[in-house]
Amino acid sequence: MRVPSIRASASASARAGALADRLPAAVERVLVALLVAAAAFGLTGVVLAVAGAFRPWTVGPLGGLVTAAALVAWDLRRPALDAGDGDGAGGGAGGGATGGATGSRARRADGRRLALAWSLAVLVAAGATAVNARWANEHVVMDRDPAIYLNAAEWMRTTGGLQIVQDDGPFAGDPALTVMSPGLTKDIDGRPVFQNLHLLSVWAAGAGWLAGDNAMARVPAGLAGLMLVVVFALGSRVMRAGAALAGTALLAVLLPFVYFARDFYSEWALGVLALGGAWLLDAAVASRSARRAAVAGLVVGAAAASRIDSVLTLTGFVLFLGLWSARRHARSLADQPGAEAHDRQWLRLVLAFTVPTLVGLGVTVLDGKLRSTDYVRAHAGDLRTQAVVVAGVGALVAAVLAMRRWAPRAAAAVGSRRRLLAWLAAGGVVVLALGLAFVRPRVQVARDLRDASLTRLIQEREGQPVDGRRSYAERSFLWLAWYLGPALAVAVTGAAWAVFDAVRGRLGRSGLLVVSLVPIPLFGYLARPSIYPDQPWAMRRFLPVALPALCLFVGYVADRLWAAGTANTASTARTASTAGTASTVGTASTVGTASTAPARGRAWTSPVLRASAVAVVAVAFVQPLAVLRPLRETRSHTDEIGLIRQVCRELPRNAAVLVVTSPGVFRADTFVQPVRGFCRVPAAGVAGAGIDIAATDVARLAAQWARRNRQLWVLGGSDDALRALGAVPRVRAARTDTRTLAYSISRRPGQLRPAILAFVAGPVVAAT
């Protein structure tokens, strides 16, 4: 019989180990490049769009230059995440390996497990992207925010700017008509623009340049997949890779995640860039690299340009830098003579991170002040609240840093009380969650919104007291429970456990970073979501940070239980080994008995703890999968780009379009900007639901446009509506969405409803 050579076996093992090392490193490099490119092209694109110079030949070279410079500064040849700086990286796929050959084998096994986890995480992200892209919306009719982002992308893609500058002719002088759509406001020059900030639209416009309408509409699905990879990358620094993978997969099957992944929500841009920036900052701190910190700051600064309320999320970075600075300083004074040198090195890193972050904030201010002026003014109160939060966190951090010289003395004073403080802090998390779940809904009735007809409509349908100003903010914690179920209890346990470990000093740098990012946006939006309460619309507030963090906290519980089982196994093995050695050298039998007793006591706990870890993960998936299964193919706004393009193909170049309201189907003004933006012709709509327009008025408008060498077309809901206004139906477009998720207020949404969109367009006969 032929015996395999030892050299051949070693070679195969080495190849497997090399693959295990290369795969995570390769994926991490790709992830770094994607995050940097997204930030660089996003920021340069926003600046160029504000200037009206958003073109492929301007965005491409400038964005490419910034991307290349950032990647050179990062140095992709080095691992994305170094081994650590001795301050406690936290987590990992760990294994308690020892030295020598045994340690080498353990490291190879850990490497293979990490490579497998990375492979599965990429597969989860790719699968989620494919499914959500298959059911992606094409939200063109401007009734809610997603359509605003998509229409802004189309306008920038074709005109190169954000200002809507077009000859409105006779439409502009008619009080019965409007040239505005919902979501359009005025900028600093008094011109119509798209409300909100515009980073997400910049990305979508770029995708449209590269691959057309289909790619543009599927940008959210791609961002959702990228977020899953980022969540796993960040989570694997805090816990074992398998636990991070479980948290990532849990996030992928949450109904809000799936629902939002199929339409344009700026929370995707904020979540991907904020969490990605956190992962990059963790790497920069681990390697003590100011250049890498600057790259992380670039990505975090781009996150600021994604949403008007992004500062709430980014305040977590200030909190982390302050806490970690105090922790480093305390250790330096206690253990190292060169504390001042360490402080200077840390200060350079913090400044390197801060400067590009402030540049991103500057782009945010530029975009908001110049091209979303009225929108920013309308949200001045919310911005002031954010400023107060930032000032409070900044003051706290400044106080901590000012007292850092007394940090070792304070740590010594805490001393034996640290365990008690840890229990109090963890208990505080649990008590706060219980209060939000059971006490707050009974003592508060939140009314902090403007009167909304949609809120009233849903309340009437569900038999609720009708009050259009109700925000239902007191139920915000219960919203999380609707989708997470028992997983929310596990997540609260994981958060309490992480806080306990942080106070005890057991939570590493990466874990402290994640914990620092969570409380401000989570509790800020739990206290006041500032959003219409229809579900799952209101859950978008928790998408960027809260939902990913809660899923990772579920993984943290599983990781800690598994670690406890592993520690018991190792302890049992060491005890048994000691007992065997004692018997061999002839020690008294009482020594052997005393040594083996703890081993027998612990033997049963290891499998129980590991089984508990698996059970926690399994239970966490029950509610999300049960909620998602009947709704996995939910979709609305199907093929709206195609329907609009169908009209555009029939319109003559010299057309002008009048949109009239179709009762029960669409409002006229929701079609004005889609027609103007996709067809590139003047458009206007009937100004309000109670305003009607007569055939004589249409004939007058047609004659006025004819004197400008333009032919007036009418877009309405039916042939009869057009004929009544003197127009001849020529183009018919229709679709029925049978998988549209019905909105809900008093309970988790779980019903589908049909949504019909049908319209007809044709020229006015009198104009010919």
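All figures in this text were calculated on a predicted structure; none of them were measured in a lab.

Participant: It is not clear to me how the overall build of the protein should be interpreted in this structure. Could you clarify?
Facilitator: When helices and strands are counted, the protein shows 29 helices and eight strands. Burial status across the protein gives 54% buried among its 768 residues. Put simply, 81% of the contacts in the protein that link residues at least 6 apart link residues at least 24 apart. For the protein, the computed accessible surface area is about 31,600 Å², with 62% contributed by carbon and sulfur atoms.

Participant: Just to check I follow, could you spell out the side chain of Arg645 for this structure?
Facilitator: If you trace the backbone, Arg645 turns up in helix 26 (residues 640–650). A distance of 3.0 Å separates the side chain of Arg645 from the side chain of Asp213, its partner in a polar contact. In this structure, Arg645 is in contact with Glu154, Arg157, Asp213 and Phe678, ignoring residues within four places of it in sequence.

Participant: Any chance you could explain helix 2 (residues 56–74) here in plain terms?
Facilitator: Residue pairs spaced three or four apart in an α-helix point in one direction, given the helix's 3.6 residues per turn. Look at helix 2: 26 Å from first C-alpha to last across 19 residues, which is about the 27 Å you get at 1.5 Å a residue. If you check which residues of helix 2 are buried, you get Thr58, Val59, Gly63, Thr67, Ala70, Leu71, Ala73 and Trp74. What you see down the axis of helix 2 is that its buried residues fit within an arc of 160°, all on one side. Those residues of helix 2 that are exposed and angled more than 90 degrees off the buried face are Trp57, Leu65 and Val72. Directly beyond the C-terminal end of helix 2, a positive phi value near 70° is found at Asp75.

Participant: I keep staring at the nonpolar core and nothing clicks. Help me out?
Facilitator: In this structure, Phe171, Trp268, Leu480, Phe542, Leu712 and Phe759 are the most contacted members of the largest nonpolar core, which totals 214 residues. Considering every element that reaches this core, the biggest residue donor is helix 10 (residues 267–287), with 14 residues. Contact partners of Trp268, with chain neighbours within four places excluded, come to Pro220, Leu223, Ala224, Met227, Phe257, Phe260, Ala261, Asp263 and Leu543.

Participant: What is the right way to look at the pairing of strand 5 (residues 683–686) in this model?
Facilitator: The side chains of a regular strand alternate, residue by residue, between the two faces of the sheet. Bridge count between strand 1 (residues 177–178) and strand 5: two bridges; the pairing is antiparallel. Residue pairing across strands places Leu177 opposite Val686, the latter belonging to strand 5. Pairing analysis gives three bridges linking strand 4 (residues 655–659) to strand 5, with the strands arranged parallel. In the strand pairing of strand 5, Val659 is matched with Gly685. Running through helix 27 (residues 669–679), the crossover from strand 4 to the neighbouring parallel element strand 5 is right-handed.

Rules used throughout
- Residues numbered from 1 in each chain as written.
- Predicted model: local features only at pLDDT ≥ 70, side-chain atom pairs only at ≥ 80, totals over all residues.
- Heavy atoms only, no water.
- Helix = DSSP H or I, 4+ residues; strand = E, 2+ residues; numbered from the N terminus.
- Buried < 20%, exposed > 50% of the residue type's maximum accessible area, 1.4 Å probe, protein only.
- Contact = heavy atoms within 4.5 Å.
- Areas by Shrake-Rupley, 256 points an atom, 1.4 Å probe, with all protein chains shown as cover.
- Polar contact = N/O pair within 3.5 Å; in protein donor to acceptor, adjacent residues only side chain to side chain.
- Expected span 1.5 Å × (residues − 1).
- Arc of directions from axis to C-beta.
- Core = buried A, V, L, I, M, F, W, Y, C linked by side-chain atoms within 4.5 Å.
- Pairing = 2+ DSSP bridges.
- Right-handed = clockwise from strand over helix to strand, strands pointing away.

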